[in-house]
Structures are given as C-alpha cells and as structure tokens.
Amino acid sequence: MEADLLDQKVTRTFAGKVVRKDLLHQIKGGENVPSYVLEYLLGKYCASDDEGEIRIGVDAVKETLRNNYFRHDESNKAQSMVEQNGKHRFIDRVEVRFLASETKYWAAMDNFNFTKIHIADEYYRRYERLLEGGIWAIVDVEFRPIEEGTKGSPFHVADLKPIQLARFDLDEYVEGRSAFTRDEWIDLLLRSVGLEPARMEPRLKLLLMTRFIPFVEKNYNFIELGPRGTGKSYAFSEMSPYCILISGGKASTANLFYNNARRQVGLVGHWDVVAFDEVSGLKVTDPDAIQIMKDYMANGRFSRGLAQVHADASLVFVGNLNQPVETLVRNTATDLFQPLPKEFDLAVLDRLHFYLPGWEIPKNSKDLLTTRYGFVTDYLAEAFRALRKQNRFDETERHFRFGSHVEGRDATAVKRSVSGLLKILHPHGGATKEELAEYIELALEGRRRVKEQLKKRGAFEFYKTSFSYMPVDNGSERTVGVPEQGGGGVISRDPLPPGTVYTAAVDDEARVGLFRLEVTLAAGTGKVRTPAGLEKGLKESLNRAFTYLQGVRDRLGLTVVLTQKDIYAEAIDLSGSRVECPCGVAFLAAMISAIQNRRVQAGSVILGDLTIQGNVKGPTSIMEPLQLALDNGALRVLLPVANKSQFAGLPEDVVEKLDLVFYADVDRAVLKTLEL
C-alpha cells in the first residue's frame, strides 16, 4: 500500500502514536481484545511499510495473544501455569488498591481473576493510573510458595510494562494539530476510528465528529437513533477506556447514580461517558431513577438522602429506528423519539443537547474502512480526556448571537455542542468565523431536532422551533432547519387540479391532523359518493357542506350541474394522525372548485366548519393547525374571523411566514380560496 500525503504528515508529526487501522480490523475479527491492546502490539511488531514485514508482524501479534492473553473463563488455567512454571507473562488489566486494614498495596488482575498479588511500590508510584482505576499492561507474574502455617498470596508482580499510555502531553498534541488544516484533521480523526473519509461528503464527516463531543464535554447529553449497522455502538465501546456501554438491561438509582446502602456513587462518578445501547430495551426499575436523571442531566448534580453528589459523566443514548424517518416525521402520532422507554418524559427529553440523525450515517461496509494511519485509540482517548478540562462555552457569543426562539436550554445546548466541536477540531484555537458559523448551524440543527419532537408530544408547549442566528455586528439573520422535516414536500406550492384543497384540525388533546380533500364530478343524479372507510367526522362535514350547497344552488347558478352530476369526495390523511376533522368550509370550496373547474390558490389551507344553513364554526384553537401548516409548506391559510382573538398569541414565525386571511362567511371564504 502506498502512503498518501496525509499519511506521511501523520507519521512524521505523531511518530509512535499512530497505527495502520486496517491491520487492527484484520486481527480484531478473530480476537476479543480491547483495541488499545491490539494497537500496542501492532505498533511493536508492524512498524513498517513493507507488506512482507507487516505480514510477519501480524503473525507475531497473533502468537503473542495466544501465549499471553487469557479470557476470564481461563483464569484457573492461567494461575496453574504460573504455579507450574514459576513465572508467566500476561496481557491483562491491572489495578492497585490500598488495603488500610493491612497497611498494604495489592494488585488485582481482571482476567487472571486474583485480587491479592504482591506488587513493588516502584510500579504504582511510577504509573499513577494503576491507583486510578487500573491500566492494561504486560505483566510478569511469579509464583513464590507461602511458608507453611502462614497466610498470604503466592503471586508476585515481577515486572510490569503499561500498554495504555502512562503519561500524556497535551501541549505536544496541540502543537501537532497546528501542522494540519481543519479538513486534514477531520480526516485523521475519522481514520482513527477506522473510517475512510475520502468516500464521505463534508456534512457526513462533520456529523460523525459529533459522536466525539461526549468525550470532550462534561455533562453532555447526546442521542443517536437510526438504522442498525451504522457503528453507533462501536463508537462508544471501543473509542475510550473511560466510556462504559450498557446494553439494554435495567437502570436503577443505585447502579447509575448513588447506592445509599454502600454510600457509593454509581457509574456517573466513575466514567467520563455512560452510554446506553439498545435504549428501547432499557427498563427503569426504580421510579426515583428518572427524577434523579432529570436533575443530573440539567446541572450535573443530584441529591440522595443528605448527600449532594456532583459528577461529570456525559450521558449517551443510542438505539434503532424501526420505521422510515419520513413516516415518523409526517405522522403526528409518531416522532423521532419512538424507540425510547415510556418513562422518558418531556422533561428528560428536553435535557438532550444534540440529536444525531443516525439515518444519514451509512451502514458499515468494507468500502468505508480505511487502510491508512490513524491515532492509537488510547492516545486519542487521553487527548479527549485532557480536553474535558477546557471551557470554550462562551466562544460562540464573541461573533454571533441567537434569534428569539433560541433561549434557555436551547442556547445552553447549542453553546455546549459548539464548545465540543471546537475542542475536537481546534484544540489549538484558530477557528475562523466561517468555521464557527458552520458549527453553530450544526448545533442548532441537532437541538432543533430534539425540540421538534417535543413540540409534537407536548401540545405545542415547545412551539418555538424557528432557530436562527446572526453576527453580532447586525448582519442578516439565518434560520436553521432540520433536513428530514422538509417542509415543502407535503403541501404543494404549485397549483393543484380543480377540486383539491388542504385543511387541518386540532382535537381536544391538542393532536393535529393535516388532510388533502379531493373532489371530482361524474355523470349521475346529484348524489354524493364517498369511498368505504371515510372517517365519520369527515363524512358528516361533507354532508353538511353538500346540504348547504344544495340550498344555495339556484343563487350560484349550479342547479343543472347538481342534478346531472354525482360528486365523488375523498380525504387523504397526510399526517396519519386519525384526528377528527370538522372541515365543511374546505369541502364546500373543493366542490365549487371542481364544479366551476377553477383551481385553489397554490399553498392554501382552509380551516373551519359550517352548519347546513351556512353558519361558520371556527376551530377551538388555531395555533396548532397553523404551526402544522407552516411546517408542511403552506403559504396562506384561510380561517374564521371568530378566531381572530387568538391572533395575538400566535408564534412570531407563523405570523411572519404565513399569509393569514380571515373570513366572516362561507361565500367570502370560497371567493378568497379560488384563483381568479
């Protein structure tokens, strides 16, 4: 394999801290060994660009693993080998604990499965991380028989060499970053997780960068939902030894936050990132867990009894969407939080800082795997951990300010996302104003995606979703949307055939529905015909509109048509909400449009019902239907003058972006609906 220019710069700048990632994938497939262990061995045996030497090195790595790496269920065999041979070398995770009752330090080895191994003080004094949760190392263990009649341990650490980084120099890392352009740095980071950026669009690269934010930003709440097989779990199981991935199972207060019986802090106090895999299978067994989670997600602390506990762990939720995104978005009965446990109420969801659209991430394939150099996982993990101590929260406000809809938790979420991206991509500083704007837009999009789902669930309590930003020097305001919502794809902004009208409605539970009414004429005897299964409320609205039309047909000059033609009417539920829709005025406009062969003005939505005598009845609330109409591409909405009192309470973006036309009677409504 020929090295590309980026490879040459990487190996020159970060010598000894990078490894060819394709070699890792070759061995990883057959070995259940942490990535940083394999990368250490690859760096030792495969430090060459010669393919022949690399093949020999890969064989040496496999041989080393066969002789020195033992699984947990092979611990008895491992201990027996030490006893029989007197000494053996292991690759294992080692931790040192001080036992106060004995005034002695003991080493424990995970897969060796022994917790009292003698260790000389030179090791834990030289490698402090042995006392801070442990490290993976190459360990020589000796067997020294215990004197008869005495108690103790026969196992002794004869030598120890860390595999994980024992010390990290952040200044060296930051200085190395300055040798690369922003785009080169992104490519290097992607190669560090085994992906080949040459086959990716810029947006995809930046989206993948957001997976790193929980590693560099304290108390960051991140969610990614999407199809299976896109690497969601891998990112949080192999990226860092400071991250724990919980697969399904139960979530209890004692496990996650605080164990009152033992007076011990849970997982959030021991890990930088706590990630929940297959979040749809998460079972919340303790009713207090959700309330504590709300407190923790909001400010990084919680109370348990008399204890006030502070912790820094970021929370990550990953899972699978089992329906097409288009269906979830357009159906008002569903949303993009569909897989989450029912215990995750609005308050929990509102504390999420960023929603990564997993459906935009391609599925894993050989074509996406890199054959180039990337950072050794342990080195990058240490860099990210060191960057957690930086605070870049306020850098956004130096050049930009947010629009009126970005406030409170929204502003906090956006600032924290931008802070994370700056730490990842510009640890040395130096982001341009254009780059900062790019990060702000992505952060606004990720938070707006959260807010849009809250709006669907929360009876429009969270209706302020028109996120925007502008330069502090009074530049033009830029609104940021969410791509999957689309907007213009549901309500056509082009003229539709005569007889076609859009309408919307809201029920007593604040659920909204969007419908397209279609009316056509055929030879007949003046009857109304509907398809089987037309919802009862829609059929009643149609019948009232037809009865009124029959009563005024002479005045409108429609007597002949209405005696010689049958009217075929249908209603298409565009939102899939099954909301009852009183829409007599829209049906009347559709019938007259079809009879007179005149089209409805493009992008129009008609609200309101009518009695058989033509009296207009307005909806109970216009806020929700108007917001739904705007979100789906409407240009103008006709609504009863009786609802004018609700105008003052409408969101700013609804008033600014929709042409609102009030009508006092059905004749005026039809007149303002049809093209001239």
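Residues numbered from 1 in each chain as written. Predicted model: local features only at pLDDT ≥ 70, side-chain atom pairs only at ≥ 80, totals over all residues. Heavy atoms only, no water.

1. Quick look at the pattern of salt bridges
Here is step 1 of the chain: Inspection of every chain in the model, using the stated rule, returns 52 salt bridges.
Here is step 2 of the chain: A salt bridge links E224 to R211; the shortest N-O distance between them is 2.8 Å. Here E224, found in strand β7 (residues 221-226), pairs with R211, found in the loop between α9 (202-209) and α10 (213-216); they are 13 residues apart in sequence, far enough to count as distant. Each member of the pair, E224 together with R211, is buried.
Here is step 3 of the chain: A salt bridge links K415 to E397; the shortest N-O distance between them is 2.5 Å. With K415 in helix α18 (residues 409-425) and E397 in helix α17 (residues 396-399), this residue pair connects regions lying 18 residues apart in the sequence.
Here is step 4 of the chain: Owing to a relative accessible area of 41%, E397 belongs among the partly exposed residues under this scheme. (Salt bridge = Lys/Arg side-chain N within 4 Å of Asp/Glu carboxyl O. Helix = DSSP H or I, 4+ residues; strand = E, 2+ residues; numbered from the N terminus. Buried < 20%, exposed > 50% of the residue type's maximum accessible area, 1.4 Å probe, protein only.)

2. Regarding the sheet that holds strand β19 (residues 400-402)
Here is step 1 of the chain: Pairing within the open sheet is antiparallel, and its three strands lie in the order β19-β20-β21. At either margin of the open sheet sits one strand with a lone partner, and together these are β19 and β21 (478-479).
Here is step 2 of the chain: In this sheet, strand β20 (residues 468-471) lies alongside β19 in antiparallel orientation, the contact comprising three bridges. If you follow R401 over to β20, its bridge partner there is M470. (Pairing = 2+ DSSP bridges.)

3. Brief notes about helix α8 (residues 182-192)
In an α-helix, one full turn covers 3.6 residues, which means residues spaced three or four apart are oriented alike.
Here is step 1 of the chain: For α8, the buried fraction is high: nine of the 11 residues fall into the buried class.
Here is step 2 of the chain: Along α8, the positions that sit buried rather than exposed are R182, W185, I186, D187, L188, L189, L190, R191 and S192.
Here is step 3 of the chain: Where α8 ends, the next residue or the one after it, G194, has phi of about 90°, a positive value.

4. Quick notes on the nonpolar core
Here is step 1 of the chain: Ranked by internal contacts, the top residues of the largest apolar core, which has 86 residues, are Y173, M209, F236 and F375.
Here is step 2 of the chain: Leave out the neighbours within four places in its chain, and M209 touches I186, L189, L190, L421, I424 and L425.
Here is step 3 of the chain: Core analysis: the next-biggest nonpolar cluster, separate from the first, contains 41 residues, Y296, L315, V325 and V348 among them. (Core = buried A, V, L, I, M, F, W, Y, C linked by side-chain atoms within 4.5 Å. Contact = heavy atoms within 4.5 Å.)

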